[in-house]
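Fold and contact review
Listed below are the residues making up each chain.
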Amino acid sequence: MANIVYIGASLDGFIADKNNCLDWLHDLPNPEGSDLGFADFMARVDAIIMGRNTFETIQGFDCEWPYNKPVFVLSNTLKEVPKVFSDKVSLVRGELTDIAEQLAQQGFKNLYIDGGKTIQSFLQQDLIDELIITTIPTILGSGTPLFGELNEPLKFRHVNAVRYLDCVVKNYYVRQR
Ligand SMILES: NC(=O)c1ccc[n+]([C@@H]2O[C@H](COP(=O)([O-])OP(=O)(O)OC[C@H]3O[C@@H](n4cnc5c(N)ncnc54)[C@H](OP(=O)(O)O)[C@@H]3O)[C@@H](O)[C@H]2O)c1
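Residue indices begin from 1 for each chain and proceed along its sequence in written order. In keeping with the model being predicted, local features are shown solely for residues with a pLDDT of at least 70 and side-chain atom pairs are shown and tallied solely at 80 or more, while totals for entire chains, interfaces and linings include all residues. Calculated side-chain values reflect all of the structure's heavy atoms, with hydrogen atoms and water omitted.

All right, on to the site of the ligand then. In these notes, residues near a molecule or strand are those with any non-hydrogen atom within 4 Å of it. Near the ligand there are 24 residues, and of these Thr54, Ser75, Asn76, Thr77 and Ser121 occur at the shortest range. Polar contact criterion, stated in full: a pair of N or O atoms within 3.5 Å, where within protein one must be able to donate a hydrogen and the other to accept it, and residues adjacent in sequence count only if both atoms are side-chain atoms. In this structure, an oxygen atom belonging to the ligand sits 3.5 Å away from a side-chain N or O atom of threonine 57. In the model, a nitrogen atom of the ligand is placed 2.6 Å from a nitrogen or oxygen of the serine 121 side chain. Alone, the ligand offers 920 Å² of accessible surface; in the complex the protein occludes 86% of this. When atom positions are compared with the pocket grids, the ligand is found to occupy the largest pocket. Helix and strand labels come from DSSP, where a helix needs a run of H or I of at least four residues and a strand needs a run of E of at least two; each type is numbered from the N terminus. For the shell around the ligand, the secondary structure elements donating two or more residues are strand 1 (2-10), strand 2 (14-16), helix 3 (52-59) and helix 5 (116-124). Note on areas: these come from Shrake-Rupley sampling with a 1.4 Å probe, and a residue is covered only by the protein chains present in the view. In this analysis a 1.4 Å probe is tested at points of a 1 Å grid over the protein atoms alone, and where it fits but cannot get out there is a cavity; an open set with protein on both sides within 12 Å along at least five of seven lines is a pocket; lining residues have an atom within 4 Å of a point. Think of it this way: a molecule belongs to a cavity or pocket when more than half its atoms come within 2 Å of the grid points there.

Take the side chain of lysine 170 next. Residue placement: lysine 170 occurs in strand 10 (residues 168-175). Three labels apply to residues, based on accessible area from a 1.4 Å probe with only protein chains included: buried if under 20% of the type maximum, exposed if over 50%, partly exposed otherwise in between. Lys and Arg are tallied as positive, Asp and Glu as negative. Neither His nor the chain termini are counted. Within this document, salt bridges are pairs made up of a side-chain nitrogen of Lys or Arg and a carboxyl oxygen of Asp or Glu, the two lying within 4 Å of each other. Lacking a salt bridge, the buried lysine 170 has aspartate 35 as its closest oppositely charged neighbour, with an N-O distance of 7.1 Å. Among the polar contacts made by the side chain of lysine 170, one reaches the side chain of tyrosine 164 at a distance of 3.1 Å. Once you skip the residues sitting within four places of it in the chain, lysine 170 turns out to touch Tyr6, Leu36, Gly37, Ile132, Ile133, Thr134, Asn160, Ala161, Val162 and Tyr164. The contact criterion used is simple: two residues touch if any of their non-hydrogen atoms lie within 4.5 Å.

For Phe, Tyr and Trp, rings pair up if their centres lie within 6.5 Å, where Trp contributes its six-membered ring, and each pair is then called stacked (planes under 30 degrees apart), edge-to-face (over 60) or tilted (otherwise). Applying the stated criterion across every chain, the model contains twelve aromatic pairs. Aromatic side chains phenylalanine 38 and tyrosine 112 sit 6.2 Å apart centroid to centroid with 70° between the ring planes, which places their arrangement in the edge-to-face category. In this pair, phenylalanine 38 sits in helix 2 (residues 38-44) while tyrosine 112 sits in strand 6 (residues 110-114), placing the two residues 74 residues apart along the sequence. Assessed through its relative accessible area of 21%, phenylalanine 38 is described here as partly exposed. Here the aromatic rings of phenylalanine 55 and tryptophan 65 are separated by 6.3 Å at their centres, their planes lie at 80°, and the arrangement is edge-to-face. Linking phenylalanine 55 in helix 3 with tryptophan 65 in the loop between helix 3 and strand 4 (71-74), this pair joins segments that are ten residues apart in sequence. On the basis of relative accessible area, tryptophan 65 is assigned to the buried category, the value being 18%. Taken together, the aromatic side chains of Tyr6, Phe38, Phe41, Phe55, Trp65, Tyr67, Phe85 and Tyr112 make up a single cluster linked through ring pairs. Over the ring of phenylalanine 156 we find arginine 175; its NZ or CZ atom is 5.9 Å from the centre of that ring. Counted as over-ring charges are cases with an Arg CZ or a Lys NZ within 6 Å of the ring centre that also lie within 35 degrees of the ring normal.

On to the pattern of salt bridges. In total, this model carries seven salt bridges according to the counting rule given. Here arginine 44 makes a salt bridge to glutamate 130, at a shortest N to O gap of 2.9 Å. With arginine 44 in helix 2 and glutamate 130 in strand 7 (residues 130-136), the pair connects residues that are 86 residues apart, well separated along the chain. Ionic pairing is found between arginine 177 and aspartate 126, a salt bridge with its closest N-O pair at 2.9 Å. Separated by 51 residues along the polypeptide, arginine 177 in the segment after strand 10 and aspartate 126 in the loop between helix 5 and strand 7 bring together distant segments of the chain. Take arginine 177: its relative accessible area is 60%, and that puts it in the exposed class. A residue is classified by how much of its surface remains accessible, and aspartate 126, at 27% relative accessible area, is partly exposed. If you follow the salt bridges from partner to partner, you end up with Asp126, Asp129, Arg175 and Arg177 in one network.

Turning our eyes to something else, we now look at the environment of arginine 52. Secondary-structure assignment places arginine 52 in helix 3. A relative accessible area of 29% means that arginine 52 is categorised as partly exposed. Along the backbone, arginine 52 and glycine 115 are 63 residues apart, and their C-alpha atoms lie at a distance of 8.2 Å. Once residues lying within four places of it in the same chain are set aside, the contact partners of arginine 52 are Val73, Leu74, Ser75, Thr77 and Leu78.

The analysis is restricted to geometry; functional conclusions fall outside its scope.
Next up, the structure:
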């Protein structure tokens, strides 16, 4: 069982700019359309847990639904998901440990954790096992932060780094317990 973060971040640690915009993330020199290893990563996970804000952002994308695994959206305010997503997306709420346990019982053991506040909540409870962070060489200055406050430091072991497109670096870390 593993809870895994896979995310793109600016040099100064933001995952969206101050206007909730991701242009800086997608505007890479990528003529051959490399997915930077995303499909290989997705093959490893059983399901995705994302925050409501990330779910709403993805609904606004002008593309097909990007996931081939079940998505569980954390929300205390949404009552239902739009019908078009009803076979792909379920709403969840409650204690993160309970949610992860219930999903594991359903066979969803390796979880992709997505969304700033969501990742921070998992980290606050030391529930993240792996961090895969692709750093984009842009300093945004403000926006949605990847990391937030913790009760105590969490140490990770650096496993490897891969450079893509001559401009971004994907670092892979595993929690050192
Ligand atoms: N750079 C990247 O690769 C990347 C990846 C993902 C997202 N993003 C960007 O990040 C932004 C979204 O991140 P975000 O930090 O605003 O929020 P988020 O984590 O996507 O969503 C937060 C919301 O999730 C719900 N929630 C319920 N229980 C929660 C819990 N225990 N912990 C945390 N959230 C819980 C709450 O919604 P309710 O108010 O409904 O209860 C909360 O407001 C978007 O702009 C998105 O585009 C970027």
